[in-house]
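Tertiary structure, described
Now for the letters of each chain:
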Amino acid sequence: MQRRLVLQSAAAAAAAIALPSVRAQAWPSGPIKLVVGFPPGGGADALARVLGQKLADVWKQPVVIENKAGASGTVAADYVAQQAGDGSTLLLTTINSHALAPAVLPKLRYHPERDFVPVALLGLTPNLLIGGAMQPARTVKDLVALCKAQPGRVTFGSAGAGTAQHFALELFKLRAGLDALHVPYKGSGPLLTDLVGGQIQYSFETMTAATPHVKSGRAIAIAQTRAKRVKAYPDVPTMQEQGFAGFETFNWYGISGPAKLPAPIAQKMNKDIQAVLAMPEVREKYDTFGVEDGGGSPERFAELQRSEIAKWAKVAKEANVRVDG
């Protein structure tokens, strides 16, 4: 009898250990929703659609892109944080929702580390300082002179208060000692429509969203904001090359799930996403957007988020960046 009980206990323990593996093998059993916190036409949306199309082939299930725009990506993040951790709902995670918003919105209902499981880093991309094709300033030096000649009147759009574009502008104002008018939008799509149309003048836009407009000639590229030039823009100088030593901002994109997402499923997702990122056609598209240095383990993505949360909390305090709400 005692031997039977021991054997039964051992079998139960083995089954418990095997259960997460079984869950990972059974996933996905239905459509996956990939939630994007910005409208169609922006950088995050573009990356999500390239990734989603390929993952649908790998997973043999539809990957549906759902745009939940608002509050600099925090509406989407808050929504995903409340979903079941069964792998059916994922978040296109950005610097806005997971590093900048916590720095300026202390009343957020979610915590970027507590309420999410990091799955995979898709990549990093500079901001691209752009202007409408009709704008006069074509270098950082000329833009500084224009802003100082018209204090508080030269307009810079962003995808919303507290976004990467907004933070880059505030750093620029701080470092150059100038005043400019911040015009927040509900995403890069409407921002770029107005910039091309002349309703606003400039923006530290995400390179992903700005690229189609620059390539078409509807916008001009003045500077990029990482320390090194990316392959997509070998002829556009960095802010550091144009007299702003140490000036560096970049956006990052990743995939996260709700807090209860099982580790085996997250690991499977990571493996499949890395396989997609290695596809030549995906790599070519992401290179065009200026998205580089993606991939790696979930732990690598988690460490990036931790360092970015600390960095931007410090910058928000130094630049006195505040957001109502």
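Refer to the structure printed above.
One structure accompanies this document, and this report is about it. (Residues numbered from 1 in each chain as written. Predicted model: local features only at pLDDT ≥ 70, side-chain atom pairs only at ≥ 80, totals over all residues. Heavy atoms only, no water.)

**Let's talk about the environment of V36**
- As for its placement among the helices and strands, V36 is situated in strand β1 (residues 32–36).
- Contact partners of V36, with chain neighbours within four places excluded, come to A44, D45, A48, I65, E66, N67, K68, A69, A76 and L92. (Helix = DSSP H or I, 4+ residues; strand = E, 2+ residues; numbered from the N terminus. Contact = heavy atoms within 4.5 Å.)

**Side note on the nonpolar core**
- If you look at the biggest cluster of nonpolar residues, it comprises 52 residues, and the most contacted ones within it are F156 and F172.
- Leave out the neighbours within four places in its chain, and F156 touches L129, L143, C147, L169, F172, A180, L181, H182, V183, Y202, S203 and F204.
- Listed in part, the 34 residues of the second largest apolar core include I32, L51, V117 and L261. (Core = buried A, V, L, I, M, F, W, Y, C linked by side-chain atoms within 4.5 Å. Buried < 20%, exposed > 50% of the residue type's maximum accessible area, 1.4 Å probe, protein only.)

**A closer look at the packing of aromatic side chains**
- Per the counting criterion, the structure on display carries 11 aromatic pairs.
- Arranged with centres 5.7 Å apart and planes meeting at 50 degrees, the rings of F172 and F244 form a pair that is tilted. Taken together, the positions of F172 in helix α6 (residues 164–176) and F244 in the loop between β8 (219–224) and β9 (250–258) put the pair 72 residues apart, joining distant regions of the chain.
- Since its relative accessible area comes to 0%, F172 is described here as buried.
- A relative accessible area of 9% means that F244 is categorised as buried.
- Between F204 and F247 the ring centres are 6.3 Å apart and the planes differ by 25 degrees, which places this aromatic pair in the stacked class. Placement of F204 in strand β7 (residues 202–206) and of F247 in the loop between β8 and β9 is noted, with a sequence separation of 43 residues between them. One exposure class covers both F204 and F247, and it is buried.
- Within the aromatic cluster, the residues linked to one another by ring pairs are F156, F172, Y202, F204, F244 and F247.
- In this structure, K215 is placed above the aromatic ring of Y233, and the distance from its NZ or CZ to the ring centre is 4.6 Å. (Phe/Tyr/Trp six-rings, centres within 6.5 Å; stacked < 30°, edge-to-face > 60°. Lys NZ or Arg CZ within 6 Å of the ring centre and 35° of its normal.)

**Some details on the packing of helix α4 (residues 95–104) against helix α11 (residues 298–319)**
- Closest axis-to-axis distance for the α4/α11 pair is 8 Å, and the angle between their directions is 40 degrees. Looking at the two axes, α4 sits oblique to α11. Crossing hand, α4 versus α11: right-handed. Where α4 abuts α11, its residues I95, H98, A99, L100, A103 and V104 lie against Q305, E308, I309, W312, A313 and A316. (Axes fitted to C-alpha atoms, helices over the stretch in contact; angles between N-to-C directions. Parallel < 35°, antiparallel > 145°, perpendicular 65-115°, else oblique. Left-handed = near helix turned anticlockwise from the far one by under 90°.)

**Observations regarding unusual backbone geometry**
- With an omega of 0 degrees, the peptide bond between W27 and P28 qualifies as cis.
- The backbone of S72 sits at a positive phi, close to 60 degrees, despite the residue not being glycine.
- Structurally, the position occupied by S72 is in the loop between β2 (63–67) and α3 (74–81).
- One non-glycine residue, D293, lies in the positive phi region at around 65 degrees.
- Within the element layout of this structure, D293 appears in the loop between α10 (280–289) and α11.
- Classification of D293 as partly exposed rests on a relative accessible area of 34%.

**Things to note about the pairing of strand β6 (residues 181–184)**
- Two strands pair when backbone bridges link them, and strand β5 (residues 155–158) and β6 are joined in this way by 4 bridges, in the parallel orientation. Paired with T155 across the bridge in β6 is L181.
- Between the parallel elements β5 and β6, the chain passes through α6 in a crossover that is right-handed. (Pairing = 2+ DSSP bridges. Right-handed = clockwise from strand over helix to strand, strands pointing away.)

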